[in-house]
Amino acid sequence: MITTDSRATAPASYPWLRPAAVTASLLLFGYGVLRLLDGLDGYRDKSGWPWLAGHTLFLLGIVLFAVFMVGLRGRLLAASPRQRVLTDAATVAGLVGAAAFGWVILGDLFPRFAEAVSTPDLVLIGGPALFELGLLTLLVRAAVVRPRLLPFWAPALVLVGFVAIGVDLDLLPVGAALVFGGLLPVRQPAP
């Protein structure tokens, strides 16, 4: 007689975890490149194709970062369920930040949305901070949990990428490349 259900004891599998992380950072890189192209003449045209395409890439990237955070949460809880409160709090912070980013990006893409629903300063400032804090907390957990999902240096590389973007938005391609480098080694633990 079988007394355990293998589905209940097997760790959750997230084969899309690494592709989501890598694609999200590549979309962020694409946004940065298009932003630079848009500003080559010293003017950013909010109705031009580089602006619209870049912000669309940015929105898709933020959605994929949110998907990545949800999947990473599942992997972390499977590996270390005792840290549930910290993992859940970081995930919620990251997702609230991603939603705030989405709000701002939608306002950039659709001026009527921005006019109808003005963006509070709390969303403009707090959103990116929550996103970065939540994501970085999850990445640090992924670097210390056993078995490790990331090398120890990966969260630091992502942090440096975020700092570069925060210093100057024209450094978006450089920052996105650093984020890509930090997320590229995301791995699946052996079953």
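From a predicted model like this one, the values you see are computed outputs, not experimental measurements.

About the criteria used
Residues numbered from 1 in each chain as written. Predicted model: local features only at pLDDT ≥ 70, side-chain atom pairs only at ≥ 80, totals over all residues. Heavy atoms only, no water. Phe/Tyr/Trp six-rings, centres within 6.5 Å; stacked < 30°, edge-to-face > 60°. Helix = DSSP H or I, 4+ residues; strand = E, 2+ residues; numbered from the N terminus. Buried < 20%, exposed > 50% of the residue type's maximum accessible area, 1.4 Å probe, protein only. Axes fitted to C-alpha atoms, helices over the stretch in contact; angles between N-to-C directions. Parallel < 35°, antiparallel > 145°, perpendicular 65-115°, else oblique. Left-handed = near helix turned anticlockwise from the far one by under 90°. Contact = heavy atoms within 4.5 Å. Nonpolar A, V, L, I, M, F, W, Y, C, P; charged D, E, K, R; others polar. Core = buried A, V, L, I, M, F, W, Y, C linked by side-chain atoms within 4.5 Å.

(A) Broad picture of the packing of aromatic side chains. By the definition in use, this model includes 6 aromatic pairs. Both rings, one in Tyr31 and one in Phe58, keep their centres 4.6 Å apart while their planes meet at 0 degrees; by these two values the pair is stacked. With a gap of 27 residues between them, Tyr31 in helix α2 (residues 17–38) and Phe58 in helix α3 (residues 49–79) connect regions that are remote in the sequence. Across the pair, exposure class does not vary: Tyr31 and Phe58 are buried alike. Here a set of aromatic residues connected by ring pairs shows up, and it is made of Tyr31, Phe58, Phe65, Phe101, Phe131 and Phe162.

(B) Geometry of the packing of helix α7 (residues 154–167) against helix α8 (residues 172–183). In the contact formed by α7 and α8, the axes pass within 7 Å of each other and the chain directions differ by 165 degrees. Our classification of the angle between α7 and α8 gives roughly antiparallel. Between α7 and α8 lies a crossing whose hand is left-handed. For the pair formed by α7 and α8, the contact residues are Ala154, Leu157, Val158, Val160, Gly161, Phe162, Ala164 and Ile165 on the first element and Leu172, Gly175, Ala176, Leu178, Val179, Gly181, Gly182 and Leu183 on the second. Its residues placed into classes, the contact of α7 with α8 shows 12 nonpolar, 4 polar and no charged.

(C) Expanded view of the nonpolar core. Formed by 39 residues in total, the largest nonpolar core has its most connected members in Phe65, Phe68, Leu72, Phe131 and Leu139. Secondary-structure elements contributing two or more residues to this core are α2, α3, α4 (84–109), α6 (121–144), α7 and α8. Once residues within four sequence positions are removed from consideration, Phe65 is found in contact with Ala24, Ser25, Leu28, Phe131, Leu135, Val179 and Leu183.

(D) Examining the packing of α3 against α4 more closely. Taken N-terminus to C-terminus, the directions of α3 and α4 make an angle of 170 degrees; their axes are 10 Å apart at the nearest point. Considered as vectors, α3 and α4 are oriented roughly antiparallel to each other. Per-class residue counts for the contact of α3 with α4 are 16 nonpolar, 6 polar and 4 charged.

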